[in-house]
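Working through the structure, step by step
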Amino acid sequence: MKIFTSDQIKKWDEFTMRSNGISSLELMERAAHSCAKWFVQNYFEINSFAIFCGAGNNGGDGFAIARLLYKKGFEVILFADESQVYSESAAINQKKCKDISGLEILKFENANNFIFKENTIIVDALFGIGLNRPIQGKFAHLIQFLNDLNHLKISIDIPSGLMADEMIADQAVVFKANDTLTFQSWKKSMLHPETGIYCGNIHVRDISLSEEFNSLEPSNELVIDEKIIGEIYQPRNEFSHKGTYGKATVVAGSYGKIGAVVLATKAALKSGSGLTFILAPKCGYEILQISCPEAMFISGGENEVVNFSIEENSTLGIGPGLGTHSDTEKSFLNFLKTCKNPLVIDADALNILSKNPDYLKLIPKSSIITPHPKEFARLFGPTENSFARLDLAREKAHELQIYIVLKDHHTQVITPDNRVFYNITGNSGMAKGGSGDALLGIITSLLAQSYSPENAAIFGAWLHGKAGDFAAEEFSKEAMLPSDLIDQIGNVFKYLNKKVLPKNRKD
Ligand SMILES: NC(=O)C1=CN([C@@H]2O[C@H](COP(=O)(O)OP(=O)(O)OC[C@H]3O[C@@H](n4cnc5c(N)ncnc54)[C@H](O)[C@@H]3O)[C@@H](O)[C@H]2O)[C@H](O)CC1
Ligand SMILES: [K+]
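Residues numbered from 1 in each chain as written. Chains lettered and ligands numbered in written order. Predicted model: local features only at pLDDT ≥ 70, side-chain atom pairs only at ≥ 80, totals over all residues. Heavy atoms only, no water.

For clarity, the cut-off: UniProt positions are given in the numbering used here, feature names are shortened, and annotations may be inferred rather than shown by experiment.
Going by the annotation in an unreviewed UniProt entry, the name recorded for the protein chain is Bifunctional NAD(P)H-hydrate repair enzyme, with Kaistella antarctica given as the source organism. Taken from UniProt, the Subunit (unreviewed entry) comment for the protein chain reads in full: "Homotetramer."

Written out as structure tokens, the structure reads:
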């Protein structure tokens, strides 16, 4: 799914209206119907809505939604400032509401003294993607008042106060929604931690905007949706053998950190590599041979990996629990001098590179690094926010011709040619030591199976998050473990074969 800027979305609207021969009002009606349907499906037992309408088309959506819900028998209270100059479509929908007896429109000022029923849902239709400056004055006070209410809060298209494409200003006032019903596609600010936090759960509502525009309009920022995954995932061919699925080698571990090797190796095995090797210190030999019998053990030293003797044409995943012992550092850096094939680098291997930045240029082209924000900052320097961090990541991915899987909520896969894929699977239950080890194993395994580095990074991030979602479902976010995530990888492949592939394959 492409991510468009607010300007592009407006062009998308216009293109749709022109090519479908519909008016802005009809498009607004389509949007309102889609929202009303969601409310009925999700909150039919709640019968009261307080809808706050601005003067632009977001407000127009709000008036139209109010009319539709009222006609379905819901109790609806409208709040608006009728002294404002309304957009054409908003004015028409506001008039339609005024013409309905029983549908009251109160002033925003009345909200402060209004007694909202406990189960009233607060609907924010104040500002949408037309917001062009921070909200101040009476609107800011109104939003602060609404944020202090304990009621369920739903935003239409985007929480008021959030810019669609960029970071919020310091002290910005933004409506804090429990859910956001957004039209047709994700907006960039919904995908970054500082801004996405205001959106709650995102529900993308299809309002049938032009598919032709979507395919023609360029965007180098995308959301990894199941359409993309359906195009990447390669189901197994029965006429195959273990050689078909490549050789993966996990280079990891040091005394006391053998668990990281177990997690990375199991994740690699579960992701389908044909042959899987482990290069780890001897202190982990028994543990690894017992816990990962399918993987072959190569000793890299006593308590640390000090000897990078690698299986021929094997795909390497390096880093989990590796430690930064000077002997490990020396042998890893020496190894980099001769390594030519793309590899996957994580955790302590990245920390070793942070201490030796001159070696960054020795990372083989098309390799994949998987830093979390702190590892990224150690590698490339601090940034003031996640938008700036993404800009720096794009610069570095291009400069070093590598893929950067920037782990966050939401993880971003940055390509050497400036494209960004946002992952929308995964959850806070994965914020535990060991999750990153699993991701390293998954991506290494996919790369070993001849997925391109780009597809291994994209598919790996999605698969990792989806397995995390299944684990959270099974064990709760609090109790799930990275090993539970690994155990769910098989269920994700089953989901892919049952749900995703059939939908996306036009064989
Ligand atoms: N394809 C779609 O996504 C559709 C979207 N729809 C809805 O239309 C809005 C966008 O409408 P627009 O009129 O462009 O902007 P807003 O409703 O966000 O109103 C902005 C309005 O307010 C003024 N303004 C901007 N910033 C401020 C500020 N800080 N303080 C005060 N006033 C401000 C600005 O000048 C505008 O006049 C979209 O979000 C959807 O909800 C269509 O209904 C259907 C298709
Ligand atoms: K809104």
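Having put the structure on the table, let's press on.
1. Some remarks on the site of ligand 1
Convention followed: Nearness of a residue to a molecule or strand requires only that one of the residue's heavy atoms be within 4 Å of it. We call two N or O atoms a polar contact when they sit within 3.5 Å, provided that within protein one can donate a hydrogen and the other can accept it, with sequence-adjacent residues counted only if both atoms are side-chain atoms. The method behind every accessible area is Shrake-Rupley, applied with a 1.4 Å probe, and residues are considered shielded solely by the protein chains displayed. Space inside and on the surface of the protein is sampled on a 1 Å grid over the protein atoms alone, with a cavity defined as a set of points where a 1.4 Å probe fits but cannot get out and a pocket as an open set with protein on both sides within 12 Å along at least 5 of 7 lines; lining residues have an atom within 4 Å of a point. Pocket occupancy is defined atom-wise: a molecule lies in a cavity or pocket when more than half of its atoms are within 2 Å of its grid points. Put simply, DSSP H or I for four residues or longer makes a helix, DSSP E for two residues or longer makes a strand, and each gets a number counted from the N terminus.
Neighbouring ligand 1 are 22 residues; Lys10, Asp13, Asp61, Gly128 and Asp157 lie closest to it. Between a nitrogen atom of ligand 1 and a main-chain N or O atom of Pro134, the distance comes to 3.2 Å. Between ligand 1 and Asp157 there is a distance of 2.7 Å, counted from an oxygen atom to a side-chain nitrogen or oxygen. A total of 870 Å² of accessible area belongs to ligand 1 in isolation, and the protein chains cover 83% of it. If you map ligand 1 onto the pockets, it falls in the second largest pocket. Listing elements by their share of the shell around ligand 1, those giving two or more residues are α1 (6-20), α2 (24-43) and α3 (57-71).

2. Looking at the packing of helix α11 (residues 326-338) against helix α12 (residues 347-355)
Quick reminder of the rule: Here an axis means a line fitted to C-alpha atoms, over the contact stretch when the element is a helix, while the angle between two N-to-C directions is reported on a 0 to 180 degree scale. Between 65 and 115 degrees an angle is taken as roughly perpendicular, under 35 as roughly parallel, over 145 as roughly antiparallel, and anywhere else as oblique. Any two residues whose heavy atoms approach within 4.5 Å are treated as being in contact. Three residue categories are used. Nonpolar comprises Ala, Val, Leu, Ile, Met, Phe, Trp, Tyr, Cys and Pro, charged comprises Asp, Glu, Lys and Arg, and polar comprises the others, including Gly.
Their axes nearest at 10 Å, the elements α11 and α12 cross at an angle of 85°. By the criterion of interaxial angle, the relationship of α11 to α12 is roughly perpendicular. Where α11 abuts α12, its residues Thr328, Glu329, Phe332, Leu333 and Leu336 lie against Ala349, Ile352, Leu353 and Lys355. Tallied by class, the residues present in the contact of α11 with α12 amount to six nonpolar, one polar and two charged.

3. With respect to the UniProt feature "binding site: K(+)" (unreviewed entry) in the protein chain
Note the cut-off: Each residue's exposure class comes from its accessible area (1.4 Å probe, protein chains only) as a fraction of the maximum for that residue type: buried when under 20%, exposed when over 50%, partly exposed otherwise.
Per the UniProt record, the feature "binding site: K(+)" (unreviewed entry) sits at Asn58, Asp124 and Ser160. On the basis of their most widely separated C-alpha atoms, the annotated residues across 103 residues gather in one place, lying no more than 9.4 Å apart. Annotated residues from the preceding list that form part of the lining of the second largest pocket: these are Asn58. Checked against the element boundaries, Asn58 lands in helix α3. Residue Asn58 is classed as buried on the basis of its relative accessible area of 7%.

4. Some thoughts on the sheet that holds strand β9 (residues 247-251)
Basically, it comes down to this: DSSP bridges decide pairing: two strands pair if at least two such bridges lie between them.
Strand order in the open sheet formed by ten strands is β8-β17-β16-β15-β14-β13-β12-β9-β10-β11, with mixed pairing between adjacent strands. A strand with exactly one partner marks an edge of an open sheet, and here the two such strands are β8 (221-224) and β11 (295-299). As paired elements, strand β14 (residues 368-369) and strand β15 (residues 403-406) share two bridges and run parallel to each other. Across the sheet, Ile368 pairs through a bridge with Tyr403, a residue of β15. Strand contacts of helix α9 (residues 258-270): β9, β10 (275-280) and β11, with the helix running at about 165° to β10, the strand carrying the most contacts.

5. Some remarks on the sheet that holds strand β1 (residues 48-53)
Read from one edge to the other, the open sheet built from seven strands follows the order β3-β2-β1-β4-β5-β6-β7, with strand pairing classed as parallel. At either margin of the open sheet sits one strand with a lone partner, and together these are β3 (105-107) and β7 (201-205). Within this sheet the neighbouring strands show an average axis-to-axis angle of 25°, counted without direction. In this sheet, β3 lies alongside strand β2 (residues 75-80) in parallel orientation, the contact comprising three bridges. If you follow Leu78 over to β3, its bridge partner there is Ile105. Contacts between α3 and the sheet are confined to β1, β2, β3, β4 (121-125), β5 (153-156) and β6 (179-183), with β1 contributing the most and set at about 155° to the helix.

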